[in-house]
Amino acid sequence: MPPQDIGVLVKPAGPDCNLACTYCFYRSKASLYPHSPRHRMSDEVLQEFIRQYMSMSGRQVSFAWQGGEPTLMGLEFFRRVVYYQQKFGRSGQMVSNSLQTNAILLDDDWCQFLAEYKFLVGISIDGPADVHDRFRIYPSGTGSHEPVIAALHRLQQHGVEHNVLAMVTPANIDQPEQIYEYLTEELGLEYLQFIPLVEKDPASGKLADFSIDPHAYGEFLCRVFDLWAREAEPQVHVRMFDDLLTLHAGMEAPSCLLRELCGTYVVIEHNGDVYCCDFFVEPQWKLGNLMQTPLTKLVESKTFARFARRKSELGHKCRECEWLRFCWGGCPKHRLVYADDPSVPSYFCAGYRQLFAHSQEQLERRARRYMAQQRNPALSYENVGRNDPCPCGSGKKYKKCCML
């Protein structure tokens, strides 16, 4: 991938967080920086990073701020972010910022700033209080649901664009309908992403107790899909379903999970260290430090290219799978759950296969409608009878073609 197309996931506070979520995989990354108990990006690193990234990027420049918890940097840090983006941007460049946060620190001042500069804010909400507070807790053990929901309402009042990332955990995997309706109807959310939970226990090397079963995850996705697909034009966007619809329409999936190769972005740690992926912030996948080596050289390195290719190192089972073009073996992190072998299928293979089969016919129909309307924006499916010729021009009856 050309350097100008590489995205960045920036962790300005490193692994530091004001919560102590039971399932957090990033908190342990503090061990990479044992001489720095508190991790904060300096103004020197921030300015140099933005200068380099704006310089190497094309017309569209996207910054994704994550953690740990990025709001620990304080609002003034992000005011400087915008200032440096304006300072180093070239004529015609368009900048977008996204912020993934637990939302606890988002007061009215934060929300006004985020609205003014059109940040897209992703919030972590796993469901109602009894579900969310099972894992997303303060160091004291107290649940975080109440302040998170209060912050969500503030974002909505200020008109900040937002979405939600929900972990699929043992606390919610058996209640997909309740979770979906809570997020969409009670909280009024329109953009959702469901992330399956699996981690290794660092002490034993075995699966952590809170890891979910792949078949149960597949059932969860299928039941959520049925809710999503009830409407001809769903008002709710679920990232996995949107990505699959894109694939059925013959285009490349936006997210790396369903792409043939990795290497669409790099991670920038608080001190300028650059890694291949936030699931692989570990010594062997460290590309270098942008304060010592230009970012353009780091993303063109042999290590980054080798990392990107690893996803295509598929074994026999994946190569012969009828669903290969939809997942390409899945995320490398989930292919290393049982063994240090990237050629094995994803831990969630069975769940993905369930979803792909369950959703195929519906998504194929939706993709045909979408493509037909792209070719002819005036095309309408209103008042078409089941046995009428399909408006898309396929020559088939409507019921056999684009009818949902």
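Refer to the structure presented above.
Residues numbered from 1 in each chain as written. Predicted model: local features only at pLDDT ≥ 70, side-chain atom pairs only at ≥ 80, totals over all residues. Heavy atoms only, no water.

Let's talk about unusual backbone geometry
Excluding glycine, residues mostly have negative phi values, and the peptide bonds linking residues are mostly trans. Along the chain, G67 connects to G68 via a cis peptide bond; the corresponding omega equals 15°. Residue placement: G68 occurs in the loop between β2 (60-65) and α2 (75-88). Its identity is not glycine, yet W328 carries a phi of approximately 50°, on the positive side. Tracing the backbone shows W328 in the loop between α12 (324-327) and α13 (332-335). Phi angles above zero are rare outside glycine, and N383 is one such case at about 60°. Structurally, the position occupied by N383 is in the segment after α14 (349-375). (Helix = DSSP H or I, 4+ residues; strand = E, 2+ residues; numbered from the N terminus.)

With respect to the nonpolar core
In summary, soluble globular proteins display a tendency toward joint burial of nonpolar side chains. Core analysis: the largest hydrophobic core is formed by 116 residues, its most contacted members being F49, W65, F78, L114, L183, F194 and I268. Apart from the residues within four sequence positions on either side, I268 is in contact with V8, L9, V10, K11, M41, F49, D273, V274, L290 and L295. (Core = buried A, V, L, I, M, F, W, Y, C linked by side-chain atoms within 4.5 Å. Buried < 20%, exposed > 50% of the residue type's maximum accessible area, 1.4 Å probe, protein only. Contact = heavy atoms within 4.5 Å.)

Some remarks on the sheet that holds strand β1 (residues 7-10)
Ordered in space as β7-β6-β5-β4-β3-β2-β1-β8-β9-β10, the 10 strands form an open sheet in which the pairing is mixed. Looking at strand neighbours, the two that pair on one side only are β7 (237-238) and β10 (286-289), the edges of this open sheet. Two strands pair when backbone bridges link them, and β2 and strand β3 (residues 94-101) are joined in this way by six bridges, in the parallel orientation. Within the sheet, the bridge partner assigned to W65 lies in β3 and is L99. On top of the sheet, helix α5 (residues 145-157) reaches β4 (120-124) and β5 (162-168); it is set at about 160° to β4, its chief contact. Set on the sheet, helix α6 (residues 176-186) makes contact with β5, β6 (191-196) and β7; between it and β6 the angle comes to about 145°. (Pairing = 2+ DSSP bridges. Axes fitted to C-alpha atoms, helices over the stretch in contact; angles between N-to-C directions.)

Focus on the environment of C318
Tracing the sequence through the fold places C318 in helix α11 (residues 316-319). Among the residues examined, C318 registers a relative accessible area of 8% and is labelled buried. For the pair C318 and V384, spaced 66 residues apart in sequence, the C-alpha separation works out to 41 Å.

A few points about the packing of aromatic side chains
The tally for this structure, following the rule as stated, stands at 33 aromatic pairs. With a centroid separation of 5.4 Å and an interplanar angle of 40°, the aromatic rings of F225 and W228 are classed as tilted. Of this pair, F225 and W228 both sit in helix α7 (residues 214-228), three residues apart, which is roughly one turn of the helix. Taken individually, F225 and W228 each receive the classification buried, so the pair is uniform in this respect. (Phe/Tyr/Trp six-rings, centres within 6.5 Å; stacked < 30°, edge-to-face > 60°.)

Overview of the side chain of K11
Its location among the elements puts K11 in the loop between β1 and α1 (43-56). The charged side chain of K11 is buried without a salt bridge, its nearest counter-charge being D278 at 4.1 Å. Not counting chain neighbours up to four residues away, the residues in contact with K11 comprise Y26, Q66, G67, V267, I268, E269, H270 and D278. (Lys, Arg positive; Asp, Glu negative; His and termini not counted. Salt bridge = Lys/Arg side-chain N within 4 Å of Asp/Glu carboxyl O.)

Describing the environment of L379
Positionally, L379 belongs in the segment after α14. On a C-alpha basis, the gap between L379 and L295 in space is 47 Å, while along the polypeptide they are 84 residues apart. Sequence-distant contacts of L379, that is, excluding residues within four places in its chain, are made with A372, Q373, P391 and C392.

Quick look at the packing of α1 against α2
Two elements in contact, α1 and α2, have axes separated by 9 Å at closest approach and are oriented at 35°. Along this stretch, α1 crosses α2, giving a crossing that reads as right-handed. Residue-level contacts link D43, L46, Q47, I50, R51 and M54 of α1 to F77, R80, V81, Y84, Q85, K87 and F88 of α2. Here the residues of the contact of α1 with α2 are counted per class, giving seven nonpolar, two polar and four charged. (Left-handed = near helix turned anticlockwise from the far one by under 90°. Nonpolar A, V, L, I, M, F, W, Y, C, P; charged D, E, K, R; others polar.)

Observations concerning the side chain of N172
Mapped onto the elements of the fold, N172 is located in the loop between β5 and α6. Side-chain polar atoms of N172 contact the backbone oxygen of D126, separated by 3.1 Å. Other than its neighbours up to four places away in sequence, N172 contacts D126, V131, M167, I179 and F220. (Polar contact = N/O pair within 3.5 Å; in protein donor to acceptor, adjacent residues only side chain to side chain.)

Looking at the pattern of salt bridges
Scanning the entire structure with this criterion turns up nine salt bridges. For D43, the salt bridge goes to R80, with nearest N and O atoms at 2.7 Å. Pair noted here: D43 is in helix α1 and R80 is in helix α2, with a separation of 37 residues, a long-range link. Residue D43 is classed as partly exposed on the basis of its relative accessible area of 28%. Residue K333 is joined to E199 by a salt bridge in which the shortest nitrogen-to-oxygen separation is 2.6 Å. You can see K333 sitting in helix α13 and its partner E199 sitting in the loop between β6 and α7, a full 134 residues away along the chain. Of the residues examined, E199 reaches a relative accessible area of 16% and is grouped as buried.

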